[in-house]
Amino acid sequence: MYNALMGTAATTAVGAGLTLYYLEKNSAHANMEAEGLHPADYPFPQKKLFGTFDHASIRRGFQVFKEVCSACHSLDLVHWRNLVDVAYTEDEVREMAEEFEYTDGPDDKGEMFERPGKLTDPIPRPYANEEAARAANAGALPPDLSLITKARHGGVDYIYALLTGYCDPPAGVEVREGLNYNPYFPGGAIAMAQNIFDGVVEYEDGTPNTASQIAKDVVTFLNWAAEPELDDRKKIGAKALLLFSSLTLMALWIKRNRWHTLKSRKIAFNSPKNWNKKPNPPSKN
Ligand code: HEC
């Protein structure tokens, strides 16, 4: 009786556990609000196995960053010289850097002085410090964008979806004053307002300046900023695959070559002539 009771209890416990596990795995998650809507998988060329950056897009993306995002976001890990031969010529970058004033010094009188930017300077920050950045953005801190595509779940897809995903909040959702509704942002309410619209920048190469094109270009630029080694990494990866696969084939061939004498050896047993004869009985002495 006791055994039967215990058996029933154990079976019930295991059954309940399995049922809960099944429900957990199969229920539709209604946590979009907390985690943010999952972005679509966009066909950025650099995401493919051997795909590399579209450098014309990096160039347009830097223009978008400079004209739009740099009003609020810093890009501390990128220096002017990093852009040379990636998206601009050296002269073009020098010209852009010289448009900004940098504090340098001290000079021989101990004074700090202003001078035009050089290739070795970082991209200038919009605010002197975090407090100033928060004060200008209703308490929210615009994060540094140098590594943002690596710092967010979903990477480039998330940033693209975020920039193009602003819409009216659904019925019943209240967004606090100063925040904006964006279903891709965890929590749904983001302090950054929509700032990419059709025609917000004019491209010099004649690319249509639609909102989706502008967002794609700035995301490509930010991806390059976070992973400037991507092109080289894939080139070296392709070479390594080629090299190591041929080395593997050679190793296999050499192994067969070395082993063939052993593998093709035939061991034959020739029975002695008196095979069936009984041995002589031991001698008496
Ligand atoms: C007017 C100021 C302003 C401008 C211009 C601006 N941002 Fe922001 N951005 C913010 C603020 C403030 C936040 C912080 C939002 C928050 O935490 O709610 C933010 C957050 C972000 C985030 C992080 C979102 C997250 O998941 O945490 C990204 C990515 C971003 N901005 C990209 C951009 C890009 C790209 C541009 C240019 C196209 C841009 N921003 C232009 C103010 C701005």
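Parameters and conventions
- Think of each chain on its own: its residues are numbered from 1, step by step along the sequence as written.
- Note on the predicted model: pLDDT of at least 70 is required for a residue's local features to be given, and 80 or more for side-chain atom pairs to be given and counted; whole-chain, interface and lining totals, by contrast, use all residues.
- UniProt positions are given in the numbering used here, feature names are shortened, and annotations may be inferred rather than shown by experiment.
- Three exposure classes are used, all based on how many other C-beta atoms lie within 10 Å of a residue's own C-beta (placed from the backbone): buried at 20 or more, exposed at 12 or fewer, and partly exposed between those limits.
- Here, residues touch in the contact sense if the C-beta positions derived from the backbone fall within 7 Å of one another.
- Secondary structure follows DSSP: runs of H or I at least 4 residues long count as helices, runs of E at least 2 residues long count as strands, and numbering of each begins at the N terminus.
- To estimate how far a helix should extend, the number of its residues minus one is multiplied by 1.5 Å.
- We call a residue near a molecule or strand when its C-beta atom, built from the backbone, sits within 6 Å of it.
- Residues are grouped as follows: Ala, Val, Leu, Ile, Met, Phe, Trp, Tyr, Cys and Pro are nonpolar; Asp, Glu, Lys and Arg are charged; every other residue, Gly included, is polar.
- Think of a nonpolar core as buried Ala, Val, Leu, Ile, Met, Phe, Trp, Tyr and Cys residues, each tied to the set through C-beta atoms within 7 Å.

## Topic: the UniProt feature "binding site: heme c" (unreviewed entry) in the chain
(1) Moving on: In this structure's numbering, the residues bearing the UniProt feature "binding site: heme c" (unreviewed entry) are Cys 69, Cys 72, His 73 and Met 192. Maximum C-alpha separation among the annotated residues is 10.7 Å over a sequence range of 124 residues, consistent with a single clustered spot.
(2) Moving on: The exposure class of Cys 69 is buried, given the 22 C-beta atoms found within 10 Å.
(3) Moving on: Residues in contact with Cys 69, not counting those within four places in the same chain, are Val 64, Leu 145 and Val 218.
(4) Moving on: With respect to the helices and strands, Cys 72 occurs in the loop between α3 (55-67) and α4 (90-98).
(5) Moving on: Overall, the presence of 18 C-beta atoms within 10 Å leaves Cys 72 in the partly exposed class.
(6) Moving on: Once residues lying within four places of it in the same chain are set aside, the contact partners of Cys 72 are Pro 126, Asn 137 and Pro 142.

## As for α3
(1) Moving on: End to end, α3 covers 18 Å across 13 residues, agreeing with the expected 18 Å (1.5 Å per residue, within 8%).
(2) Moving on: When α3 is considered as a whole, its buried residues turn out to be Ser 57, Ile 58, Arg 59, Arg 60, Gly 61, Phe 62, Gln 63, Val 64 and Phe 65.
(3) Moving on: As for α3, its buried residues are in contact with α8 (211-226).

## Considerations on the site of the ligand
(1) Moving on: In the neighbourhood of the ligand, 22 residues make up the surrounding shell, with Cys 69, Cys 72, Pro 142, Ala 191 and Met 192 lying closest.
(2) Moving on: Looking at the shell around the ligand element by element, the count peaks at 3 residues for helix α7 (residues 155-164).
(3) Moving on: A breakdown of the residues in the shell around the ligand according to their chemical character gives 18 nonpolar, 3 polar and 1 charged.

## Side note on the nonpolar core
(1) Moving on: Ranked by internal contacts, the top residues of the largest apolar core, which has 35 residues, are Ile 159, Val 218, Phe 221 and Leu 222.
(2) Moving on: Mapped onto this core, the elements with two or more residues apiece are α3, α4, α7 and α8.
(3) Moving on: Broken down by element, the residue count for this core peaks at 8 residues, all from α8.
(4) Moving on: If we ignore the near neighbours within four places in the chain, the residues touching Leu 222 are Leu 145, Ile 148, Thr 149 and Ile 159.

## Things to note about α7
(1) Moving on: With 9 of 10 residues buried, α7 lies mostly within the body of the structure.
(2) Moving on: Inspection of α7 places Gly 155, Val 156, Asp 157, Tyr 158, Ile 159, Tyr 160, Ala 161, Leu 162 and Leu 163 among the buried residues, and these make up the whole buried set.
(3) Moving on: Residues of α7 that are buried in the fold lie against α6 (148-151) and α8.

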